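In case you want the letters, here they are:
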Amino acid sequence: MSDIIKVPNKRQVVKADGGKKDLAQQFYEGQIYTSIFRHDYKDNKRNRALQIVNNVFLHLHPTRVSRHAIDVGYTWGMGGITLLLFIVTAVTGILLMFYYRPTSEYAYNDMKQLMHDVPFGAFIRNMHRWAAHSMVICVMLHMYRVFLTGSYKPPREFNWVIGVNLLVLTLALSFTGYLLPWDQLAIWAITVGSNMARAVPFLGHAGPFAPEFHQLVGFGGAPDADVRFILLGGTEVGAPTLLRFYVLHTVFLPIVTAVLLAVHFWRIRKDGGISGPPMIEFHKAVTDASKLKVSVVDHLPKYEYVEGFKQTEGEQNFKEVVKKDLDTLKQKTSTKLSNLINAIDQAAEQNIKGGDDSHSHDDHHDNSNDHNKNHNNNNDHH
Amino acid sequence: MQEGLKNFWHLVSLPDNVPIIGMLGLVIFYTWQSMRKAIRNDRLAAPIEASMTDRVQVWPYLVRIEFLTSVVVILILTVWSVGIDAPLEEPANPGRTPNPSKAPWYFLGLQEMLVYFDPWLAGIVFPFLIQAGLMAIPYVDINPKGNGYYTWKERRFAIGFFLFGFLILWVFLIVLGTLLRGPGWNFFFPWEEWDAHKVVAANSRDWPELFGKFPAKNVDGSMNIGHVAIGLLSIVGYYVAGDILLRKVVLPRTTKDKDIVKKLGPLRYGTVSFFVLTCMTMPIKIILRLTLDVKYVLSTPWINF
Amino acid sequence: MADNTQEVVKAENSASTQKVVEEDKHLYFGNRRSFLSKIAWGSFFGYFGLFVFGSVRGLFNRAIYEPSKSFKAGFPSEYTPGTVDERFKSTQKVWIIRTKDGFIAQSTVCTHLGCTPRWLPAENKFKCPCHGSGFYGIMADPKETAVNFEGPAPRPLERFKITLDSDGQILINKAIAFLGEKGQWDQPGAFLPFKG
């Protein structure tokens, strides 16, 4: 195992044949580079897999995906673009926060300051607004695409629900941000929007059955004691509204959105990646459409790394290396431990035997076999 | 006409309306592209996506596409941000309401509904139902086909209804609200000038009044029984008749499955029926208002439908 | 396994060095493809460099919201010769010292660590409460006034530009400071000569 995991010590400036390494090679094999990236620079299948698996941001992805999943004509890329726009609005929003004060005395003047006095202020504000509008549009287009490709069907139902909630959060983020410039456009758009809230049944002071509900519960029938008051912080859109919307817009809603985004991406991986038609050719002959399975790839790094290794070094090599290292381990350990190693050995054999490198049905079959065999072996030894 | 078109051009080129024009273009393009793929897939024995199931490595193929897309999007955003300034109108003045006074563009569909329905219905119930209905979709759709590829023939009902809801009831109403609704929320053709003093006769009546003398309130102020009866019967009758239509004609014909309702089961079918029929009350009410000048289908002291 | 990789390294290295030598014969630092590639990556990092620069530049607003540093201190007749006047000490952080020959606008910021010293007329010195720095009071030679003589203060208190405005009032501009240790107290504006 030592040969697979550790990078050979290539820190000597002098190569094996006596020649000196050039600068590039020194850099890519030096301590700084290898401590950050932990794999070498050569382009082979193993390094391509490690590039994904070893990176905290990239290992959201599996190491391999289906070819149609990278087809922009299929996915439109809208989900990824929405995420990019969310990050752009977050970054530009933070830059805007250095100048904007959410009070009715200062808000408008701070906006004017941003547009005229602050260097690059107009650019940052414009980028924030256009990225926000684009994000709402892209979120809708994303929903449109997911529906048209039926990507909400089992096993992805719950991810669609999370997506609908993300849509509502995006609209809420845009709505709360709309008020912040505190100009005529802002204040009246929000007045129109929030006046709907006074018409909530029972809980809004202008809604149906509100007086009766108020008599019963003491809440809902008065302008200063209804659901619209929670939103506005007052009976009209005013300074408290501005502060509330500011807190919602900059802290609360982004945090909730980020959390739901994490769940959304997690579900994508767990549900098998970008949706695709059932892989009919890799299952045993099934005529009943309802029995077709959607492929679900085990996302554990160990599995992906092993796959990458198999692709690079060849399966035969893989078996030999595993066997050699297990033999070494066995020699060095006690009987009890070596029995355990035998069990692992046998299980690995089963894994390799049943596994077919180019297709993915081993994902289903061999993992279950693996678990079964493991359990059986452990039982034997106890 | 000249002035009106100038006004229309001014509207279209307003900074805040530029994204809406862009959205319209993108929606039209993607609808055309996906329908083209759907028709192609339907013609073939298996969808083209099924032939692309071999695995490729994420690094470089997917990562490369993501990188290039990010670069293009940020480039577009940069050019856009340098070229077009975000609007900053006069300071907020609670004493003066501009005319027209519009909600942010993504809520214009709901603001349009305010013309035809009471605020609590258009502003609270409908958004809630839209959200609930969207979330229910995966659980009521039992059709296993079309999972992961474009199609039309295999998912006629689902796609047809969604296209109607998204393209007509959402996108079209946004465009309508942005470009064709002027002062006072009156309707203006693109070539008409926006006149803040346009007078539109508002002689609307209630639905029961079409059948005779059944006003909402009697002369002495009490509720009119005939009005309530006709109104209630109409609403109930709509749901019953609509349900029968859905159950016996629409669903079996579009899904090409005689037993679809039985397969759905009462809970799923009930959900589908409720959401579809309630959704269709919107265009029906709009048509009633525009053709017959009907304001309310049923008017009571507490709620108006 | 280790031997294999080392041999592979050897073979690959010799192959790649060979390739580089051949392509060096063309223009554009390599070949056209790598030139364009360098331009593309250069623009990519250039954009983000510009963004970072813009963000940092954006932190320096062109309009600062602070009160003006110039103020009028009233007419010379309002001040008694031979006194240190404290009327502008808290609002403008300035002592107006009138000697028999003229006026000095003196900063109240201690040159040690920025506290405000106290004027002690009985001992004729400015004494800073924070660490005990002491500065001379009104001396026969105006160049001795406010010179540090005790405590940790490294240099004398600063003087601000003091002139007579057109309407006859004293005009003090705190944006322009004169440092005694650099000999700037001789410059015009450091002292306002006034008799009577």
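Residues numbered from 1 in each chain as written. Chains lettered and ligands numbered in written order. Predicted model: local features only at pLDDT ≥ 70, side-chain atom pairs only at ≥ 80, totals over all residues. Heavy atoms only, no water.

A.B. asks: Looking at this structure, how should I read the overall build of chain B?
C.D. replies: Along its length, chain B carries eight helices and one strand. Compactness check: chain B gives a C-alpha radius of gyration of 24 Å against a globular reference of 19 Å for 305 residues, more than 25% above the reference. For chain B, with 305 residues in total, the buried portion stands at 45%. Contacts in chain B between residues at least 24 apart in sequence constitute 66% of all its contacts with a sequence separation of at least 6. Of the roughly 16,100 Å² of accessible surface on chain B, 69% is carried by carbon and sulfur atoms. Distance from the positive charge centre (29 side chains) to the negative charge centre (23 side chains) of chain B: 11 Å. (Helix = DSSP H or I, 4+ residues; strand = E, 2+ residues; numbered from the N terminus. Rg over C-alpha atoms; globule rule 2.2 N^0.38 Å. Buried < 20%, exposed > 50% of the residue type's maximum accessible area, 1.4 Å probe, protein only. Contact = heavy atoms within 4.5 Å. Areas by Shrake-Rupley, 256 points an atom, 1.4 Å probe, with all protein chains shown as cover. Lys, Arg positive; Asp, Glu negative; His and termini not counted. Charge placed at Lys NZ, Arg CZ, Asp CG, Glu CD.)

A.B. asks: For this particular structure, what's the right way to read the side chain of D110 of chain A?
C.D. replies: All names here are of chain A. Counting through the fold element by element, D110 comes out in helix α7 (residues 107–116). There is a polar contact of 2.8 Å between the side chain of D110 and the backbone nitrogen of R101. Each residue touching D110, except ones within four places of it in the same chain, is listed here: Y99, Y100 and R101. (Polar contact = N/O pair within 3.5 Å; in protein donor to acceptor, adjacent residues only side chain to side chain.)

A.B. asks: Please clarify how the environment of L243 of chain A should be interpreted in this entry.
C.D. replies: On the secondary structure map, L243 of chain A appears in helix α13 (residues 239–270). As for L243 of chain A and R269 of chain A, which are separated by 26 residues in sequence, their C-alpha atoms are 38 Å apart.

A.B. asks: Would you explain the state of the cysteines in this entry?
C.D. replies: Covalent bonding between the sulfur atoms of two cysteines is what defines a disulfide. Residues and elements named next belong to chain C. Under the definition given, this model contains one disulfide over all chains. Through a disulfide, C115 is tied to C130; the S-S separation comes to 2.0 Å. Classification of the bridge connecting C115 and C130 rests on its S-S torsion, roughly -90 degrees, and on that basis the disulfide is left-handed. Placement of the pair is C115 in the loop between β4 (102–107) and β5 (118–120) and C130 in the loop between β6 (125–127) and β7 (134–136), with a sequence separation of 15 residues. Note on C115: relative accessible area 23%, which makes it partly exposed. (Disulfide = S-S within 2.5 Å.)

A.B. asks: How do you make sense of the pairing of strand β9 (residues 159–164) of chain C when you look at a structure like this?
C.D. replies: Each regular strand shows side chains that alternate between the opposite faces of the sheet. Residue and element names in this part refer to chain C. Where β4 meets β9, two bridges bridge the pair, whose relative direction is antiparallel. Residue A105 lies in a different strand from β9, and its bridge partner there is F160. Relative to strand β10 (residues 170–178), β9 is paired through six bridges, and the arrangement is antiparallel. Looking at β10, one finds that K161 is bridged to N173. (Pairing = 2+ DSSP bridges.)

A.B. asks: Just checking my understanding: could you explain the confidence of the model for chain C for this structure?
C.D. replies: If pLDDT is low for a region, its predicted coordinates should not be looked at in detail. Residue and element names in this part refer to chain C. Averaged over all residues, the pLDDT of chain C is 85; the fraction at 70 or higher stands at 85%. Low pLDDT, under 50, characterises residues 1–12; the predicted model gives this stretch 10 contacts beyond four residues in sequence or across chains. Reported confidence for the predicted complex is 0.94 by ipTM and 0.79 by pTM. (pLDDT = per-residue confidence, 0-100.)

A.B. asks: Just to check I follow, could you spell out the interface of chain C and chain B for this structure?
C.D. replies: Accessible area lost on assembly of the parts is the figure often given for the size of an interface. Residue-level contacts link four residues of chain C with four residues of chain B. Taken together, both faces of the contact between chain C and chain B bury some 310 Å²; the carbon and sulfur share is 85%. Together, W41, F44 and Y47 of chain C form the three largest contributors to the area buried by chain C at its contact with chain B, with a combined 88%. If you look at where chain C meets chain B, you find zero salt bridges. The interface formed by chain C and chain B holds one residue pair in polar contact (both at pLDDT 80 or more) in total. (Buried area = accessible area lost by both parts, 1.4 Å probe. Salt bridge = Lys/Arg side-chain N within 4 Å of Asp/Glu carboxyl O.)

A.B. asks: What's the story with the packing of helix α8 (residues 121–148) of chain A against helix α6 (residues 156–180) of chain B in this structure? I'm lost.
C.D. replies: Between two packed helices, what matters for the description is the angle formed by their axes and the separation of those axes. Taken N-terminus to C-terminus, the directions of α8 of chain A and α6 of chain B make an angle of 165 degrees; their axes are 10 Å apart at the nearest point. Judged by the angle between their axes, α8 of chain A and α6 of chain B are roughly antiparallel. Our pair here, α8 of chain A against α6 of chain B, has a crossing hand that is left-handed. On α6 of chain B, the residues that touch M140, M143, Y144, F147 and L148 of chain A of α8 of chain A are A158, I159, F162, L163, F166, L167 and W170 of chain B. Looking at the contact of α8 of chain A with α6 of chain B residue by residue, the classes come out as 12 nonpolar, no polar and no charged. (Axes fitted to C-alpha atoms, helices over the stretch in contact; angles between N-to-C directions. Parallel < 35°, antiparallel > 145°, perpendicular 65-115°, else oblique. Left-handed = near helix turned anticlockwise from the far one by under 90°. Nonpolar A, V, L, I, M, F, W, Y, C, P; charged D, E, K, R; others polar.)

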